[in-house]
Amino acid sequence: MGYAEMLMDDAVQAGREQITVDLRHILDASRNLHHLILSLLDPAAVHRAAGSLDLTEYRRTLRHDLRTPINAIKGYGEMLREDAADGGEDTLVADLDKMLAEAALLLDKIDGLVTFSGNDAAQPEAPVDIAAKTTAPTGAVERLLKALRPIAANESDLAAVQPSRILVVDDNASNRDLLSRRLQRQGHTVLQAADGTIALAIVEEEAIDLVLLDLMMPGISGYDVLTSLKNNPQFREIPVIMISALSELDSIVRCIEAGADDYLAKPFDPTLLRARVGSSLEKKHLRDRERAMVEALRLEKERSEQLLLNILPRGYRHANE
């Protein structure tokens, strides 16, 4: 909050409206996070949590709520840093680096806090054998491993694809804005939906090439939206990338089993986002071209057969009929 306030003062004095707008997003998210943390330190809130019947769900929701504002802080901060670096503003870059480092440190502390609340902080983290810990079909496990793999050194460069129409679905306005601006910088047209009902309505009305879908949403969850799309023959070929602050293996497995094409954790890495979006779109457009080619060949075959019938002698045609 301190870094954002100082940068805000400088931006206002310099009359830099766009920087001021983004810093306002960062400052609002920082204050929301601060308020949430203070509320968690309230003894009454701790007592209510201790009396919860489902502590696993409580910790899951807590992690989501704490990480969401950090996603906004990191997202807007990283975009500001990129612009400042391109403009040669070394002082601004240095200040943003400090703020982003603090956000990363707090993110680590939050993950540790939530883990500790589950009384498993002392358990050593052993390597996870994903194939052994899930009963998912082999194909689903392979897709899961692919979704969790680290990005290759040149993958983001290879993922440049034609501009496409992408639907971003998230109940958090800052998350929608950040994703949309990242995708628009890559030349894509972005549509937004604040919940699952709106998302399904947009897919019904608009031609969509890719859906970026938040997992935890009120009402219709991201998982329910995913299964609805994949169970509909009209929409099941639209690739879906799940984006969520949740990092639990079971949540990822469920989405992959249900047909998700990829998975990204929030706060998302811009390079990883570009690579995974590009990869999913490339496969989608390749399938579209293949279908278009098959349809063109079918029409050409029909035209050729009709032309042949038109030029054959009448008697020959009658005899064949």
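The structure contained in this document is the topic of the report that follows. (Residues numbered from 1 in each chain as written. Predicted model: local features only at pLDDT ≥ 70, side-chain atom pairs only at ≥ 80, totals over all residues. Heavy atoms only, no water.)

The next thing to look at is the overall build of the protein chain. Across its full length, the protein chain holds 14 helices and 5 strands. Counting across all 321 residues of the protein chain, residues that qualify as buried make up 41%. Here the analysis covers contacts within the protein chain between residues at least 6 apart in sequence; of these, 70% occur between residues at least 24 apart. For the protein chain, the accessible area works out to roughly 17,700 Å², and carbon and sulfur atoms hold 55% of it. (Helix = DSSP H or I, 4+ residues; strand = E, 2+ residues; numbered from the N terminus. Buried < 20%, exposed > 50% of the residue type's maximum accessible area, 1.4 Å probe, protein only. Contact = heavy atoms within 4.5 Å. Areas by Shrake-Rupley, 256 points an atom, 1.4 Å probe, with all protein chains shown as cover.)

We now examine the packing of aromatic side chains. A complete count under the given rule lists 0 aromatic pairs for this structure. Directly above the ring of tyrosine 223 sits arginine 254, whose terminal nitrogen or CZ lies 3.8 Å from the centroid. (Phe/Tyr/Trp six-rings, centres within 6.5 Å; stacked < 30°, edge-to-face > 60°. Lys NZ or Arg CZ within 6 Å of the ring centre and 35° of its normal.)

This part covers helix H2 (residues 17–40). Owing to its 3.6 residues per turn, the α-helix brings residues three or four apart onto one side. Here H2 contains 24 residues, and its C-alpha end-to-end distance of 35 Å stays within 8% of the 34 Å for a straight helix at 1.5 Å per residue. Within H2, the full set of buried residues consists of Ile19, Thr20, Asp22, Leu23, Ile26, Leu27, Ala29, Ser30 and Leu33. (Expected span 1.5 Å × (residues − 1).)

Right, let's get into the pattern of salt bridges. When their charged atoms lie close together, side chains carrying opposite charge are able to pair. Scanning the entire structure with this criterion turns up 21 salt bridges. Salt-bridge contacts for arginine 181 lead to aspartate 22; the nearest nitrogen and oxygen are separated by 2.8 Å. You can see arginine 181 sitting in helix H9 (residues 173–185) and its partner aspartate 22 sitting in helix H2, a full 159 residues away along the chain. A relative accessible area of 19% means that arginine 181 is categorised as buried. In this structure, the salt-bridge partner of lysine 74 is glutamate 78, at a minimum N-O distance of 3.6 Å. Within this pair, lysine 74 and its partner glutamate 78 are both found in helix H4 (residues 55–86), separated by 4 residues, close to a single helical turn. Through salt bridges with shared partners, a single network forms among Glu82, Asp83, Arg182 and Arg185. (Salt bridge = Lys/Arg side-chain N within 4 Å of Asp/Glu carboxyl O.)

Let us now look at the nonpolar core. In globular proteins that are soluble, nonpolar side chains generally tend to be buried together. Counting 42 residues, the largest nonpolar core has Leu23, Ile26, Leu212 and Val277 as its most contacted members. Residue contributions to this core peak at 9 residues, all from H4. Setting aside its immediate chain neighbours within four residues, valine 277 contacts Ile166, Leu183, His188, Leu210, Leu212 and Ile241. Within the second largest apolar cluster, 25 residues are counted, among which are Ile202, Val211, Met217 and Ile238. (Core = buried A, V, L, I, M, F, W, Y, C linked by side-chain atoms within 4.5 Å.)

Right, let's talk about a nonpolar patch on the surface for a bit. Taken together, the side chains of Leu307, Leu308 and Ile311 present a nonpolar region at the surface, about 320 Å² in accessible area. Counting through the fold element by element, leucine 308 comes out in helix H13 (residues 270–311). Classification of leucine 308 as partly exposed rests on a relative accessible area of 48%. (Patch = residues over 30% accessible without salt bridge, like charges linked within 9 Å, V, L, I, M, F, W, Y side chains within 5 Å.)

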